[in-house]
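Here is how the chains run, residue by residue.
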Amino acid sequence: MTTTSPRPAPAVPAEPPRSPLLRPVRTAARYAVRHGLPAVYLSRAARRGDPLARLLRDPAARQDPYALHERLRDRGPVTAGALGPVTTSHAVAAAVLRSDAAGVGWDRSQAPAPIRWALRLGDELDATGVAEPPSMLVTDPPDHTRFRRLVGRAFTPRATLASAPMVRRTAEALLDDLAGRDGVVDLVGAYAAQLPVLVIADLLAVPADRREDFLRWGAAAAATLDAGLSPRRYLAAERGLRAMHAFLRGHFARLRADPGDDLVSRLVTLDGDEALSERELHATVMLLLGAGFETTVNLLGNAVVLLDAHRDQWDALREDPAGWDGAVEEVLRADSPVQLTGRSLTRDAEFAGVPLPAGTRVTVLLGAANRDPAVFADPARFDVTRPNARDHLAFSGGVHYCLGAGLARLEGTVGLQVLTERFPRLRVAGTPVRRDLRTLRGFETLPVALR
Ligand code: HEM
């Protein structure tokens, strides 16, 4: 690593250590509030036929959420769901995401006393996931603005463009390794998961040889984005989170001692008013790392399955690679890697004529908004030349608009184009298996024949 500015490590106030003896109690408290109670509640609502609860619980909806989206759409742009109002409408989704009456924070003071107590008891940095504060994903301004400003410089269009040669080199090296393999190959394990993790590892200066660890930890931890996990899955997720935090602690110490010119070195050496607390540092870098590789893998896998099912469009892209940008937008629209998000109203508001009081949690079905027939003609049709595909909300909207959207687009276009050039006859050769996730949508395994 190039040492650019050795200077004494600033004092980051460390979290007081928590007794390991109480760890099982804390885990149980966390599990009960975040997953146990929601699981019971959502399962009951799913049995009653609530479409949103079925979307979150029913195994069939993992395979195909779109039929349930249409049932919800038939009920109107804002309809009641098990967790409060839910929208499938592109116009309402965009308005909610951009509304200054809607935040991502959750006012815990409104929760019943036993829940507040369990949240306090279960609070522990080393078990904190990317959708828990102080992750910027669930933090409102002004803290959100502060976090986003600190990392934004590494994701400007100019910075992303500068990463293009590295992304292409990485994709080509992975495909060189694949070229020697015969028979059926799992494209997710061998390529779609590898490219994003290697790219984000490069940007965050983490050693590439730890990538299999990240993929394992990340795959378990990604489940914490969903509500109502089983105890077994929650424990696996927590093990992944603990391993990730332990790695980050060592990574921060190494970069403090020997900073490079990368983003994480800059974050760990901030001082004065800008310095991040230990918790903020973990939350910020963990989010970048996790968001960096847990989402783009789904874009690449979903793309290959859709293109394989529309061979004529894939052939046309090979003839005219200028179409790749549009094709990536159409994949993001038609089978969105992040299917849903939510916002809490900080004051009374009205969407599509429906008045909603302050404190309401609105579920925004991004995957359904991206198939709204009011915006996208014949929305279930996959068409890489669709003129307005880029109007999708797959990267959300408003102040939380995906920070890595440019990088994800770059990885998508370069990753798919290089794959197509290298293996023009690549085809799906077996049954792809979906990941057992609801918020994220992608494939666990994707068997392909390369030639
Ligand atoms: C196809 C790939 C990707 C998709 C579909 C995606 C989607 C999203 C969505 C929907 C959100 C906002 C969620 C909300 O509004 O509640 C988001 C936020 C975010 N994404 Fe991505 N993402 C992708 C790739 C990436 C990559 C490669 C990075 C790189 C580090 C990244 C970093 C982030 C960060 C830091 C946020 C939080 C932004 C904020 O809260 O201000 N994402 N992403």
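Conventions adopted
- Residues numbered from 1 in each chain as written.
- Predicted model: local features only at pLDDT ≥ 70, side-chain atom pairs only at ≥ 80, totals over all residues.
- Heavy atoms only, no water.
- Helix = DSSP H or I, 4+ residues; strand = E, 2+ residues; numbered from the N terminus.
- Buried < 20%, exposed > 50% of the residue type's maximum accessible area, 1.4 Å probe, protein only.
- Contact = heavy atoms within 4.5 Å.
- Areas by Shrake-Rupley, 256 points an atom, 1.4 Å probe, with all protein chains shown as cover.
- Lys, Arg positive; Asp, Glu negative; His and termini not counted.
- Charge placed at Lys NZ, Arg CZ, Asp CG, Glu CD.
- Pairing = 2+ DSSP bridges.
- pLDDT = per-residue confidence, 0-100.
- Axes fitted to C-alpha atoms, helices over the stretch in contact; angles between N-to-C directions.
- Parallel < 35°, antiparallel > 145°, perpendicular 65-115°, else oblique.
- Nonpolar A, V, L, I, M, F, W, Y, C, P; charged D, E, K, R; others polar.
- Core = buried A, V, L, I, M, F, W, Y, C linked by side-chain atoms within 4.5 Å.
- Donors = N, O, S within 2.8 Å, 3.2 Å for Na, K, Ca; no water.
- Phe/Tyr/Trp six-rings, centres within 6.5 Å; stacked < 30°, edge-to-face > 60°.
- Lys NZ or Arg CZ within 6 Å of the ring centre and 35° of its normal.

A. Broad picture of the overall build of the protein chain. Counting its regular elements, the protein chain contains 19 helices and 12 strands. With respect to the principal axes defined by its C-alpha atoms, the protein chain has extents near 60 × 60 × 40 Å. Within the protein chain, the fraction of its 451 residues that count as buried is 54%. Considering only contacts in the protein chain between residues 6 or more positions apart, those separated by 24 or more positions represent 74%. Per element, the accessible surface of the protein chain, about 19700 Å² overall, is 57% carbon and sulfur. Side chains of the protein chain carry 58 positive and 53 negative charges; the gap between the two charge centres is 5 Å.

B. The arrangement of the sheet that holds strand β9 (residues 427-428) in detail. Reading across from one edge, β4-β12-β9 is the order of the three strands in this open sheet, with antiparallel pairing throughout. If you trace the sheet from one side to the other, it starts and ends with β4 (184-186) and β9, each paired once. The pairing of β9 with strand β12 (residues 447-449) spans two bridges and is antiparallel. Within β12, the residue paired with V428 across the bridge is V448.

C. Broad picture of the confidence of the model for the protein chain. When pLDDT is averaged along the protein chain, the result is 93; 97% of the residues meet or exceed 70. In the predicted structure, residues 1-10 sits below a pLDDT of 50 and forms 22 contacts with residues beyond four places in sequence or in another chain.

D. Summary view of the packing of helix α14 (residues 278-294) against helix α15 (residues 296-309). Running from N to C, α14 and α15 point in directions that differ by 5°, and their axes come no closer than 4 Å. In terms of their interaxial angle, α14 and α15 are classed as roughly parallel. Taken together, the residues of α15 that come into contact with α14 (itself represented by G292, F293 and E294) are T296, V297 and N298. Tallied by class, the residues present in the contact of α14 with α15 amount to two nonpolar, three polar and one charged.

E. Looking closely at the nonpolar core. Grouped together as the largest cluster of nonpolar side chains are 84 residues, with contacts concentrated most on L178, L187, Y191, L204, F214, L267 and L426. Among the elements that take part in this core, helix α19 (residues 405-422) stands out by supplying eight residues, more than any other. One finds V78, A349, F351 and L356 within the second-largest nonpolar core, a separate group that totals 17 residues.

F. Broad picture of the coordination of the iron atom of the ligand. For the iron atom of the ligand, the sole protein-derived donor is C402 (SG), lying 2.3 Å away. Within the secondary structure, C402 sits in the loop between α18 (366-369) and α19.

G. Quick look at the packing of aromatic side chains. Applying the stated criterion across every chain, the model contains five aromatic pairs. Pairing Y31 with Y234 gives two aromatic rings, centres 5.7 Å apart and planes at 50°, and the pair type is tilted. A residue pair is termed long-range when its members are at least 10 positions apart, and Y31 in helix α1 (residues 23-47) and Y234 in helix α12 (residues 231-257) qualify at 203 residues. For the pair shown, Y31 and Y234 are each scored as buried. With 6.2 Å between their ring centres and 70° between their planes, F395 and Y401 make a pair best called edge-to-face. For F395, a relative accessible area of 9% corresponds to the buried category. Ring pairs connect the aromatic residues F214, W217 and F247, which therefore count as one cluster. The residue whose ring lies beneath R333 is F376, and the NZ or CZ to ring-centre distance is 5.3 Å. The lysine or arginine in question, R371, covers the ring of Y66, its NZ or CZ lying 3.6 Å from the ring centre.

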